[in-house]
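Next come the chains, spelled out residue by residue.
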Amino acid sequence: MLQIQIIRKDPEEVIRLLAFKKFEARDIISDILRCDEDRRKLQKQVDEQLAESNLIARQVGEMMKSGRAAEAAPLKEKSAGLKAGIKNLETELATLEETQFRLLVQLPNLPHPDIRPGGHAEDNEIVHSEGRMPDLDDQALPHWELAAKYQLIDFELGSKISGAGFPVYKGQGARLQRALVSLFLDEAVAAGYLEIQPPLMVNEASAFGTGQLPDKDGQMYHATADNLFLIPTAEVPVTNLYRDLILRQDELPVKNAAYSACFRREAGSYGKDVRGLNRLHQFDKVEIVQIQHPDRSYETLEEMREHVAGLLRKLELPFRILKLCGGDMSFTSAWTYDFEVYSAAQQKWLEVSSVSNFETYQSNRMKLRFKGDDGKAQLAHTLNGSALALPRIVAALLENHQTGEGIRIPPALQAYTGFEMIR
RNA sequence: GGAAAGAUGGCAGAGUGGUCGAAUGCGGCGGUCUCGAAAACCGUUGUCCGCUUUUGCGGACCGGGGGUUCGAAUCCCCCUCUUUCCGCCA
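Everything quoted here is computed from the prediction, not taken from an experiment.

## What about the protein's contact with RNA strand B?
Next, step 1: Inspection of the region around RNA strand B gives 22 residues, with Arg39, Asp47, Ala57, Lys65 and Ser79 positioned closest.
Next, step 2: Near the protein, within 4 Å, the atoms of RNA strand B are sugar or phosphate in 64% of cases.
Next, step 3: Residue Ser79 places a side-chain N or O atom 2.6 Å away from a sugar or linking oxygen belonging to RNA strand B.
Next, step 4: In the model, a sugar or linking oxygen of RNA strand B is placed 2.9 Å from a nitrogen or oxygen of the Arg369 side chain.
Next, step 5: Elements with a contribution of two residues or more to the surface near RNA strand B: helix H3 (26-65), helix H4 (69-104) and strand E14 (369-371).
Next, step 6: Among the elements that make up the surface near RNA strand B, the one with the highest residue count is H3 (13 residues).
Next, step 7: Across the surface near RNA strand B, the residue classes tally to seven nonpolar, four polar and eleven charged.

## Focus on the nonpolar core
In globular proteins that are soluble, nonpolar side chains generally tend to be buried together.
Next, step 1: If you look at the biggest cluster of nonpolar residues, it comprises 58 residues, and the most contacted ones within it are Leu180, Leu315 and Phe339.
Next, step 2: No other element matches helix H7 (residues 171-190), which puts eight residues into this core.
Next, step 3: Those residues in contact with Phe339 that lie beyond four places of it in its chain are Arg305, Val308, Ala309, Leu312, Phe319, Arg320, Ile321, Leu350, Glu351, Val352, Ser353 and Val355.
Next, step 4: Residues Ile28, Ile32, Leu110 and Val202 belong to the second largest nonpolar core, which totals 27 residues.

## Topic: the pattern of salt bridges
Once their charged atoms are close, side chains differing in charge can pair, the charge on each being opposite to the other.
Next, step 1: According to the stated counting rule, one finds 19 salt bridges in the structure shown.
Next, step 2: Note that Glu187 is salt-bridged to Lys314, the shortest N-O span being 3.4 Å. Placement of Glu187 in helix H7 and of Lys314 in helix H10 (residues 297-314) is noted, with a sequence separation of 127 residues between them.
Next, step 3: Given the relative accessible area of 22%, Glu187 is considered partly exposed.
Next, step 4: By relative accessible area, which is 35% here, Lys314 ends up partly exposed.
Next, step 5: One salt bridge connects Arg313 with Glu306, and the closest N-O pair in it is separated by 3.1 Å.
Next, step 6: Owing to a relative accessible area of 37%, Arg313 belongs among the partly exposed residues under this scheme.
Next, step 7: Each of Arg8, Asp36, Arg39 and Arg40 takes part in one network of salt bridges that share partners.

## Describing helix H2 (residues 11-20)
Next, step 1: Val14, Ile15, Leu17, Leu18 and Phe20 are the residues of H2 that are buried.
Next, step 2: Against helix H1 (4-9) and H3 lie the buried residues of H2.
Next, step 3: In the stretch just after H2, Lys22 is the one whose phi turns positive, near 60°.

## Some words on the packing of aromatic side chains
Next, step 1: What the rule picks out here adds up to seven aromatic pairs.
Next, step 2: It is Arg305 that lies over the ring of Tyr337; its NZ or CZ is 4.8 Å from the centre.

## Structural notes on the environment of Ile288
Next, step 1: Its location among the elements puts Ile288 in strand E10 (residues 282-292).
Next, step 2: You can call Ile288 buried: its relative accessible area is 0%.
Next, step 3: Along the backbone, Ile288 and Arg248 are 40 residues apart, and their C-alpha atoms lie at a distance of 21 Å.
Next, step 4: Those residues within four positions of Ile288 in sequence are excluded, and the remaining contacts are Ala188, Tyr193, Asn256, Ala257, Met304, His307, Leu383, Asn384, Gly385 and Ala387.

## Here's the deal with the layout of surface pockets
Next, step 1: One number sums up the size of the largest pocket: a volume of about 1,400 Å³.
Next, step 2: Taken together, 45 residues form the lining of the largest pocket, with Arg264, Arg279, Glu351, Ser354 and Arg392 sitting closest to its centre.
Next, step 3: Looking at the lining of the largest pocket, the elements with two or more residues in it are E10, strand E12 (335-343), strand E13 (348-359), strand E16 (381-389) and helix H12 (390-400).
Next, step 4: Broken down by class, the residue content of the lining of the largest pocket amounts to 15 nonpolar, 16 polar and 14 charged.
Next, step 5: Empty space within the second largest pocket amounts to approximately 450 Å³.
Next, step 6: Forming the boundary of the second largest pocket are 26 residues, of which Pro134, Leu136, Asn400, His401 and Gln402 lie nearest the centre.

## Considerations on the sheet that holds strand E5 (residues 201-202)
Next, step 1: Within the open sheet, the three strands sit side by side as E5-E7-E6. Their pairing is antiparallel. In the strand order of this sheet, the two ends are held by E5 and strand E6 (222-223), each with one partner.
Next, step 2: In this structure, E5 lies alongside strand E7 (residues 228-230), joined through two bridges in antiparallel fashion. If you follow Val202 over to E7, its bridge partner there is Phe229.

## So, the pairing of E13
Next, step 1: Bridging between E12 and E13 involves nine bridges; their strand directions are antiparallel. Note on E13: the bridge partner recorded for Tyr342 is Trp349.
Next, step 2: As defined by bridge partners, E13 adjoins E16 across four bridges and the pair is classed as antiparallel. Among the inter-strand pairings, Asn357 is bridged to a residue of E16, identified as Leu383.

## Structural notes on the side chain of His143
Next, step 1: Within the secondary structure, His143 is located in helix H5 (residues 143-149).
Next, step 2: In this structure His143 comes out as buried when scored by relative accessible area, which is 0%.
Next, step 3: A polar atom in the side chain of His143 sits 3.3 Å from the side chain of Gln346.
Next, step 4: Beyond its immediate sequence surroundings of up to four residues, His143 is in contact with Arg275, Gly276, Leu277, Asn278, Gln346, Ala395, Leu398 and Glu399.

What counts and how
- All residue numbers refer to position in the chain's written sequence, counted from 1.
- Chain labels run from A onward and ligand labels from 1 onward, assigned in the order the entries are written.
- Only residues with pLDDT of 70 or above have their local features reported here, since the model is predicted, and side-chain atom pairs are shown and tallied only from 80 upward, although totals for entire chains, interfaces and linings are computed over all residues.
- Hydrogens are left out, water is left out, and the side-chain values use all remaining heavy atoms of the structure.
- When at least one non-hydrogen atom of a residue lies within 4 Å of a molecule or strand, that residue is treated as near it.
- By the criterion applied in these results, polar contacts are pairs of N or O atoms within 3.5 Å in which, for protein atoms, one can donate a hydrogen and the other can accept it, and in which residues neighboring in sequence qualify only through two side-chain atoms.
- Secondary structure elements are defined from DSSP: runs of H or I of at least 4 residues count as helices, runs of E of at least 2 residues count as strands, and each element is numbered from the N terminus.
- Each residue is assigned to one of three groups, with Ala, Val, Leu, Ile, Met, Phe, Trp, Tyr, Cys and Pro labelled nonpolar, Asp, Glu, Lys and Arg labelled charged, and all others, Gly among them, labelled polar.
- In this text, buried Ala, Val, Leu, Ile, Met, Phe, Trp, Tyr and Cys residues form a nonpolar core when linked through side-chain atoms within 4.5 Å.
- Note on exposure labels: buried denotes an accessible area under 20% of the residue type's maximum, exposed denotes more than 50%, and partly exposed covers the range between, all computed with a 1.4 Å probe on protein chains only.
- Throughout, a residue-residue contact means that at least one pair of heavy atoms, one from each residue, lies within 4.5 Å.
- Any Lys or Arg side-chain nitrogen located within 4 Å of an Asp or Glu carboxyl oxygen qualifies as a salt bridge.
- When the centres of two rings from Phe, Tyr and Trp lie within 6.5 Å, Trp using its six-membered ring, the rings pair. Their planes under 30 degrees apart give stacked, over 60 give edge-to-face, and anything left gives tilted.
- Criterion for a charge above a ring: Arg CZ or Lys NZ at most 6 Å from the ring centre, at most 35 degrees from the ring normal.
- Two kinds of site are reported from a 1 Å grid over the protein atoms alone, namely cavities, where a 1.4 Å probe fits but cannot get out, and pockets, open sets with protein on both sides within 12 Å along at least five of seven lines, and residues are called lining when an atom falls within 4 Å of a point.
- Grid points are joined across faces, edges and corners, and a volume is the space filled by probe spheres set on the points.
- Should DSSP find at least two bridges between two strands, the strands are taken to pair.

What follows is the structure, encoded as structure tokens:
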């Protein structure tokens, strides 16, 4: 959620930057400003009335104490008369506050000024590219066929017990999952992240805090009996750990890493992109989260980007890093790098990680602050990234490392799988 | 699922209708003392909103919402959560 102060200060700049995200904000902004003005005017009125009422109450108190109860009667009456008016004003104020909030929540985060405007994939800038493209022969198979051939993943069985998009991993396939999770967690811990094992279900306040509600309502599985949501990413519970907190400046940066299963309804996405592991309702992911001082959050973003790149190197996968254009970034992000791994057998790039700086957008919702040197509380910046999401990594590993004898496991992973080849 | 107790400032914990944003202790910060540190002593120490924007003024907040009253942390109602006991159980 954007801070009202920023909109008040320079509404034209907000409109200009939101246009980078292909968001036409002019109407909402003018509604917000009008509402804000009304709200402040009303706030002043309410405060004045309350001040008067407080004064009378104090005077009555004095009289009661000094035994002049009779004199208090007219004051009591006056105060009682004020009451109805105050109540009406307060109700009106609450309505305005709610309206303003409802409007504010509709605005996406401002992209950083260095973000390119645009709304198409072609507007994304390839900022880095590395790794050797595998030259596979004509017999190269896509991962869903490899998964069947080596009995690693059973999609049909998953459909039977749950539905499409819930794969069952078996044998070396299951072991590969566990190995990747362990590798990713160990790397994160080595990089200074605190390992967290969060709940997989969260309440409404948490879903709101990181921006899943109301923006992505309908994308989460909702357990209505208890009003809990299955997490779409560990970002949600982990970032919300710090909701409503005022950290000390010397506690920054907070670095947390968490493995979790992730659940996404993916309502409305069907078609060729959903084949195999490309798009699932349940998948595993290790997420890294940082809470950082606003002055250093972009250094931190680069650090996180380098961490993710290191993982892909260990897995010996060719990858590229995209700096997303405004229109391709998420609602809540100010700056996003996407990592894509080349899938040789599908002959396309698969998104395997997304590393973002949300600046104060999440922290403003969550009231996540820190106390600076001046003793004043201010909003912290939040960042997160996948490090990494498993399914497309598994897809790329299977496809890129397939050989005539089987699928080669990169050395860094062998310690975790306990085998060098999938046969 | 049943029963009971509870929710107060960073933490612990007092406060049962008026001067309570709230005692006290711990912690934090500043100072005295010291070569320095500890101890001791003194002072200080919440968040949000509005107006002024330098000092300042007003308002709100004692889990959340509503009510009673001139006046609520304190009384009443509803909700949420926590703890303990019983039941069930990986």
